[in-house]
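What the coordinates show
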Amino acid sequence: MHTNTKQQALYDYSCYPSREQWNYDNTTEEKAAVIKTYNNPIVYIELSWNNLHCETFYSFIHEVCSCETNKDSAWTITNDTQSTIPHFYLGPPDYVKEDLRRILAEFNTTSCGPIYFGKPSVTPQLTIVTTRYGRDFTCVDNATSCEHLRDPRSIYICHDEAPSFEGDNASSIYWLTPLHSRYILPTFFPPTIVQQSLSKDVNKPIPRNPVFLVTGSFWDGRKRSTKSLIPLLKGTRQYNYTIKFLGGDPFNSDSNRNFKDYLNTTFAMYDNPDYEHKIELVTKTDAYEFMQHVADADVILPLVDNTNLNASWGYRKGKKLTSSVTWSLGFRKKMVLFQQLAHIYGVLEKNDNDNSSYWVYNEEEDSFLNAFRNCLEYFGSTKVQ
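Residues numbered from 1 in each chain as written. Predicted model: local features only at pLDDT ≥ 70, side-chain atom pairs only at ≥ 80, totals over all residues. Heavy atoms only, no water.

**A few points about unusual backbone geometry**
Basically, it comes down to this: Each helix is a run of H or I in the DSSP string that is no shorter than four residues. Each strand is a run of E no shorter than two, and both are numbered from the N terminus.
For the peptide bond that leads from Gly91 to Pro92, omega is -5°, which places it in the cis range. The topology assignment puts Pro92 in the loop between β2 (87–91) and α4 (98–107). With a phi close to 55°, Leu303 is a non-glycine residue in the positive phi region. Within the element layout of this structure, Leu303 appears in the loop between β10 (299–300) and α10 (323–330).

Right under this line is the structure:
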């Protein structure tokens, strides 16, 4: 069984009362502490650290709100959607930083129920623990100590492999890629922000010089195959485009310095004349700024290939989430991505008979270069004078 968050900018929460009917003042924590809940179900989204994995939270709220009848029962908290609405709480409140609050305030304008910051004062019908790893689950199969992993009042989101818990003995555990027995794809983002991005994309002229975006941890070359760009840069020297690396920690100057030093070392050491004007490092972004950079990009470059996709320290053959792919799917961004990764996430290569915009490459020499060049040709990238 799995639950699949659809790639959609629009949404359908019509099975719940309209927002005009409940119309809570849902922007203050004081309101959250005293609001009369009546029979409305409570969902507590429990963070593990400051904004940690916050890009997945919107999909959790959306899946609870979804009116689809075939979704997993774990995400259905009421059968009386005509007269009750879910109330969502995110906490502990110290872990929900201002940038995330800003995004959630925007999401609060379209969600099926109000979103608050803090821990609910009553026992929630559902608690979603947003960050767990295989090492966090310690119990003997079907023993009493495993009962909490089958509790319908809890969902545990696991961010790595835990093969012994894939069965019904731990039905409350969900993963974030399709290669697991239970999963949710975190491809849903606040609809108003996604729609703004889509509207901008429609109005962008073609031909144009595209902006490619690389997200995530790349300073050690493990999560992102950064060096794969070196022959690509040389092979597309005649085109104009920009590759933005989006990373760093807004609260950690050492992190940002590591990112900058790594890029300088990776590209400058090869005496690449395109480094200076085609590679751009964007550091110290918070959650809101990060989302805006994704929204403004033309193409996402996951930079995941056979060097890191199948490695135990990498994405473990697709068992670990490649978040750049889910960001791209959620914002309907074009991608140039590795064939095996495309198969895992159900991404089809662009062709003349469909309107998808994904360019897929394999392990063959120049395959990445050719896919990237085809993408540049699609945009009509101008030639360097």
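**Thoughts on the state of the cysteines**
Rules: Two cysteine sulfur atoms make up a disulfide if the distance between them is within 2.5 Å. Only protein chains enter the accessibility calculation, which uses a 1.4 Å probe; a residue is then buried when its area is under 20% of its type maximum, exposed when over 50%, and partly exposed in between.
Going through the model one piece at a time under the given rule, you end up with 2 disulfides. For Cys65, the disulfide goes to Cys112, at an S-S distance of 2.1 Å. Of note, the bridge from Cys65 to Cys112 carries an S-S torsion of about -75° and is left-handed in sense. Placement of the pair is Cys65 in helix α3 (residues 57–65) and Cys112 in the loop between α4 and β3 (115–117), with a sequence separation of 47 residues. We classify Cys112 as buried; its relative accessible area is 4%.

**As for the packing of α4 against helix α9 (residues 287–296)**
We apply this condition: Helix axes use the C-alpha atoms of the stretch in contact, all axes being lines fitted to C-alpha atoms, and the angles between their N-to-C directions lie in the range 0 to 180 degrees. The scheme is simple: roughly parallel for angles under 35 degrees, roughly antiparallel for over 145, roughly perpendicular for 65 to 115, oblique for anything else. Contact definition: two residues touch when any of their heavy atoms are within 4.5 Å. The classification used treats Ala, Val, Leu, Ile, Met, Phe, Trp, Tyr, Cys and Pro as nonpolar, Asp, Glu, Lys and Arg as charged, and all other residues, Gly among them, as polar.
Axis separation between α4 and α9 bottoms out at 7 Å; the angle between their running directions is 55°. The angle between α4 and α9 places the two elements in the oblique class. Of the residues in α9, those in contact with Asp99, Leu100, Arg102 and Ile103 of α4 are Ala287, Tyr288 and Met291. Across the contact of α4 with α9, the residue classes break down as 5 nonpolar, no polar and 2 charged.

The quantities given are spatial measurements derived from coordinates; they are silent on function.
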